[in-house]
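Report on the structure
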Amino acid sequence: MPQKIIDMRSDTVTLPTESMRRAMAEAEVGDDVHQEDPTINRLQDMSAEMFGKEAAVLVASGTQGNACAMLAHTHHGELAFCDANAHVSRYEGGGYAALAGVSLEKLNGIRGIIDGDMVEQAIMPYNEHLADPSLIWVENTSNQGGGTATSVEVMRGLREVADRHGLNIHVDGARIFNAATSLGVSVADLAQHADSVQFCLSKGLGAPVGSLVVGDSDLCTVVRKKRKMLGGGWRQAGVFAAAGIVALTEIAPRLHEDHENARRLAEGIADIPGLLINPEAVETNLVFFGYDTEVVDPARFADELADRGVLIGGASKATISRVCLHHQVTADDVETVLDAMREVVGVPVLV
Ligand code: TLP
C-alpha cells in the first residue's frame, strides 16, 4: 500500500469529503451577482443566523473577506489597531495599505490577544499630527499567537473602548469555530461585540473554497460592493457554497477532536529530547514547537519527517515549527507522527 501522507502544514490542506463532493454535484445554482444563487443564499442566511447577525456575504478567501471588511470600515489615511503578528499585518500582501490606505498600530498582544486596556493606552488625544483611529482588528483564534482564543469577556472590554472612541471592531475569525469550541461558547457569543466577522470555510472546517463576512445589512451591502470592486463577484458559485454548508453542519461539530489530537501531539512532543513545547499552551488545533538546535537541526528534522510521509509547517528562518490538526488527521495518525519524530531525533524505542 502507498504510504499515507499526513499533511499538517496547515488546516487549509484538507480535501473535500464524499458528502461535500455529492453536495457540490447536486447544488442548485444561479447568478450570484444578481443574488440568484439559491445555495449561496442558503449558506449566507445560515451563516448570518449562526453568528446572530443580519446578513452575510460569501467571498473567495479569508484575505478577500478581510480586505472587503477593511475597505468597508475605514477611509484612506485612517488607523486600525491590531496585534503585532496579526495575519492582516504580515500575510495579506499589505492589502490594508495598498487597497485601503490604512496604517496599522501594532500592539504587543499576549500570545496574539489584544484587550481593551491595550487599545485604550494606544489611543492618543486628538492631535492634527495623528492618523484618525477608526477600527479595532481582532484575530480569533490568533494564528501566530499559537491558536489562542479571545474570550467573550475580552471582546466586551474591547467593545467598551470602541464605543468610547467611536471605533468599529472587525474580527478575523478564520478559525473562530475553533475558538468557540475551545471556549465552550457559540460563535454568536464571540461575534456579539463585533461589527463584523470574517470566517473561513477552508481552514479547520474543511471546505475547498470560501469565507463569509457577517454583519448588519448596511455593512454587508458595502462589503458586497467592495467584493465586486476586488473582482470577487460570483456567478454560479453555489457549487462551492454547497460544500460550505456541509462543512458547517458536519465538520464544525467535531472540531473538539482536532483539539484533543493537538493536545495529545503536544504532550508527545514535550517528551522528545530537543523539541520544546508547553502542551498546556495548546488551546485549539494549532501546535507550535521550538528546537534545542544543539540537539536537533530544524530544517533536517522537517526534511526527514517528510521522507516518512509527515509534513509540518516550515521552520523557515528559524527554530519554530507549526503543525495543524484537521479532520483528515486522525488520533492514530498522531501516534504515527510521534513515532516518526522520535525516530528522526533518534530516541531509542522501548520494547
Ligand atoms: N492562513 C494560512 C496562511 O496564509 C498563513 C495558514 O496556513 O494559516 N486570517 C488568518 C488568521 C489566517 O490564518 C489566514 C490563512 C487568513 C486570514 C487568510 O485566509 P485565506 O488563505 O483564505 O486567504
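Residues numbered from 1 in each chain as written. Predicted model: local features only at pLDDT ≥ 70, side-chain atom pairs only at ≥ 80, totals over all residues. Heavy atoms only, no water.

Before going further, it helps to examine the site of the ligand. Neighbouring the ligand are 14 residues; Ser-10, Gly-62, Thr-63, Asp-172 and Arg-175 lie closest to it. Between an oxygen atom of the ligand and a side-chain N or O atom of Ser-10, the distance comes to 2.7 Å. A distance of 2.8 Å is found between an oxygen atom of the ligand and a side-chain nitrogen or oxygen belonging to Arg-175. Compared with its free state, where it exposes 510 Å², the ligand has 80% of that area covered by protein. (Near = heavy atom within 4 Å. Polar contact = N/O pair within 3.5 Å; in protein donor to acceptor, adjacent residues only side chain to side chain. Areas by Shrake-Rupley, 256 points an atom, 1.4 Å probe, with all protein chains shown as cover.)

The next point concerns the pattern of salt bridges. Taken as a whole, this structure holds 16 salt bridges when the rule is applied. Across the pair Asp-7 and Arg-9 runs a salt bridge, and its minimum N-O distance is 2.5 Å. Residue classification places Arg-9 among the partly exposed positions, given a relative accessible area of 41%. Residues Asp-11 and Arg-175 are paired through a salt bridge, measuring 2.7 Å at the closest nitrogen-oxygen approach. Here Asp-11 is found in the loop between strand 1 (6–7) and helix 1 (18–26), whereas its partner Arg-175 is found in the loop between strand 6 (168–173) and helix 8 (176–183), with 164 residues between them in sequence. The pair Asp-11 / Arg-175 is uniform in exposure class, with both members buried. In this structure, a network of salt bridges that share partners links the residues Arg-159, Asp-163 and Asp-195. (Salt bridge = Lys/Arg side-chain N within 4 Å of Asp/Glu carboxyl O. Buried < 20%, exposed > 50% of the residue type's maximum accessible area, 1.4 Å probe, protein only. Helix = DSSP H or I, 4+ residues; strand = E, 2+ residues; numbered from the N terminus.)

This next bit is on the side chain of Ser-202. One can find Ser-202 in the loop between strand 7 (196–200) and strand 8 (211–215). Excluding residues that lie within four positions of it along the chain, Ser-202 makes contacts with Asp-11, Thr-12, Ala-207, Pro-208, Val-209 and Gly-210. (Contact = heavy atoms within 4.5 Å.)

Turning next to helix 3 (residues 62–73). Compared with an ideal rise of 1.5 Å per residue, which puts 12 residues at 16 Å, helix 3 spans 16 Å between its outermost C-alpha atoms and is within 8% of the ideal. With 10 of 12 residues buried, helix 3 lies mostly within the body of the structure. Turning to helix 3, its buried residues number three or more, namely Gly-62, Gln-64, Gly-65, Asn-66, Ala-67, Cys-68, Ala-69, Met-70, Leu-71 and His-73. (Expected span 1.5 Å × (residues − 1).)

This part is about the packing of helix 13 (residues 298–307) against helix 14 (residues 331–345). Helices that pack against each other are described as a pair by the angle of their axes relative to one another and the distance between those axes. Close contact between helix 13 and helix 14 brings their axes to 10 Å; oriented N to C, the two are set at 125°. One finds that helix 13 runs oblique with respect to helix 14. Considering the relative orientation of helix 13 and helix 14, their crossing is right-handed. Counting all contacts with helix 13, which are made through Phe-301, Glu-304 and Leu-305, the residues of helix 14 involved are Ala-340, Met-341, Val-344 and Val-345. Its residues assigned to classes, the contact of helix 13 with helix 14 shows six nonpolar, no polar and one charged. (Axes fitted to C-alpha atoms, helices over the stretch in contact; angles between N-to-C directions. Parallel < 35°, antiparallel > 145°, perpendicular 65-115°, else oblique. Left-handed = near helix turned anticlockwise from the far one by under 90°. Nonpolar A, V, L, I, M, F, W, Y, C, P; charged D, E, K, R; others polar.)

This paragraph deals with the sheet that holds strand 8. The strand order across the open sheet formed by seven strands is 2-8-7-6-5-3-4, and the pairing between neighbours is mixed. Each end of this open sheet is capped by a strand with a single partner; those strands are strand 2 (55–59) and strand 4 (103–107). The sheet shows a mean angle of 20° between the axes of neighbouring strands, taken without regard to direction. Across five bridges, strand 7 lies against strand 8 in antiparallel orientation. Following the sheet pairing, Cys-200 is matched in strand 8 by Ser-211. On top of the sheet, helix 2 (residues 38–51) reaches strand 2, strand 7 and strand 8; it is set at about 130° to strand 2, its chief contact. Sheet strands touched by helix 3: strand 2, strand 4, strand 5 (133–139), strand 6, strand 7 and strand 8. Its angle to strand 7, the strand with the most contacts, is close to 170°. (Pairing = 2+ DSSP bridges.)

On to the confidence of the model for the protein chain, then. Per-residue confidence for the protein chain averages 96 on the pLDDT scale, and 97% of its residues sit at or above 70. Confidence, expressed as mean pLDDT per element, reaches its minimum in the protein chain at helix 13 with 94 and its maximum at strand 6 with 99. (pLDDT = per-residue confidence, 0-100.)

Okay, the nonpolar core next. Phe-51, Val-119, Ile-136, Ile-176, Phe-177, Phe-199 and Leu-201 are the most contacted members of the largest nonpolar core, which totals 52 residues. Per element, the largest residue contribution to this core is seven residues, and it comes from helix 11 (residues 238–251). Not counting chain neighbours up to four residues away, the residues in contact with Phe-199 comprise Ser-47, Phe-51, Gly-173, Ala-174, Ile-176, Phe-177, Ser-211, Leu-212, Val-214 and Leu-248. Membership of the second largest hydrophobic core comes to 28 residues, among which are Ile-6, Met-8, Tyr-291 and Met-341. (Core = buried A, V, L, I, M, F, W, Y, C linked by side-chain atoms within 4.5 Å.)

One way to put it is that helix 12 (residues 255–270) packs onto helix 14 with a least axis distance of 10 Å and a crossing angle of 20°. By the criterion of interaxial angle, the relationship of helix 12 to helix 14 is roughly parallel. Note on packing geometry: the crossing formed by helix 12 with helix 14 is right-handed. Where helix 12 approaches helix 14, its residues Asn-261, Arg-264, Leu-265, Gly-268 and Ile-269 are matched on the opposing element by Ala-331, Val-334, Glu-335, Val-337, Leu-338, Met-341 and Arg-342.

Here Gly-30 shows up in the loop between helix 1 and helix 2. Along the primary structure Gly-30 and Ile-40 are separated by 10 residues, whereas in three dimensions their C-alpha atoms are 8.8 Å apart.

As a further point, take the pairing of strand 8. Taken across its five residues, strand 8 has five buried, putting it largely inside the fold. Side chains Ser-211, Val-213 and Gly-215 of strand 8 all project onto a buried face; the interleaved residues Leu-212 and Val-214 project onto the opposite face, where all are buried too. Pairing of strand 2 with strand 8, which is carried by five bridges, proceeds in the antiparallel orientation. Paired with Val-57 across the bridge in strand 8 is Val-213.

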